[in-house]
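# Coordinate inspection notes
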Amino acid sequence: LEKLALYAGSGSRLTDEDIENAVTPSYEAGIFQLVDLIGQRKGDRAVEALYDLFDRGAAAPYILTMIARQMRLIAQVRDAIQSGVSRSSKIMAKTLGQSEFVMRKVIAQESRFPPFRYSDILEMLMDTDVQLKRGTMPDVPTPGKVKSTPGKFALELLITRLTTSPAKRARV
């Protein structure tokens, strides 16, 4: 608040734009937006969130770790539901040892994903991890403000694969 008061100056009224200009968002908040967008299967917006994370200084391995966590949660929820656990976020939170807030989001995301084998998702994640570690994925320039960042293309491809239907993914 002190930073905002100094930014606005004495007696000035703060606007939403002032707040956005004065407060530098951390990439930790952005990573949750990214995984939410992947869970909602909004690929274009997820890629934009990825670019924003890179602009804020997030590293590709950290981003991949958080995507993997989200996919694991979705798979755990799906497995629990198939085993007869209620879709109630309260019951699911207790069953999986997560917060009710997280489970509410993940339960909604689980229903957006077509049936999949978790081993297929793990393979995609592993392939991306290997590409990041070996540097085997070309770094393709992106139009706009996003600078060339190691791992950017590998993560773009992963997000595209996770957020498109299998029929469309076959053409990617």
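Scope of this entry: the structure provided in the associated data block. In this text, all values refer to a predicted model and were calculated from it rather than measured experimentally.

As a further point, take the pattern of salt bridges. On inspection of all chains with the given rule, the structure shows seven salt bridges. Between K152 and E156 there is a salt bridge; the shortest N-O distance is 3.8 Å. With K152 and E156 both in helix α9 (residues 152–163), this residue pair falls four residues apart, about one helical turn. Of the residues examined, K152 reaches a relative accessible area of 0% and is grouped as buried.

This paragraph deals with the packing of aromatic side chains. One pair of aromatic rings is described through two measures. These are the centre distance and the angle between the planes. Across all of its chains, the model carries zero aromatic pairs by this definition. Over the ring of F113 we find R41, and its NZ or CZ is 5.3 Å from the ring centre.

Attention now moves to helix α8 (residues 118–134). Think of an α-helix as turning once every 3.6 residues; residues three or four places apart then point the same way. Taking 1.5 Å per residue as the helical rise, α8 with its 17 residues ought to reach 24 Å, and the 24 Å between its terminal C-alpha atoms agrees with that figure. Of the positions making up α8, those classed as buried are I121, M124, L125, T128 and L132. Seen from one end, α8 has its buried residues packed into an arc of 90°, which puts them on one side. Facing away from the buried side of α8, by more than 90 degrees, are the exposed residues M126, K133 and R134. Once α8 finishes, G135 follows within two positions and takes phi at roughly 70°, a positive value.

Thresholds applied
- Residues numbered from 1 in each chain as written.
- Predicted model: local features only at pLDDT ≥ 70, side-chain atom pairs only at ≥ 80, totals over all residues.
- Heavy atoms only, no water.
- Salt bridge = Lys/Arg side-chain N within 4 Å of Asp/Glu carboxyl O.
- Helix = DSSP H or I, 4+ residues; strand = E, 2+ residues; numbered from the N terminus.
- Buried < 20%, exposed > 50% of the residue type's maximum accessible area, 1.4 Å probe, protein only.
- Phe/Tyr/Trp six-rings, centres within 6.5 Å; stacked < 30°, edge-to-face > 60°.
- Lys NZ or Arg CZ within 6 Å of the ring centre and 35° of its normal.
- Expected span 1.5 Å × (residues − 1).
- Arc of directions from axis to C-beta.

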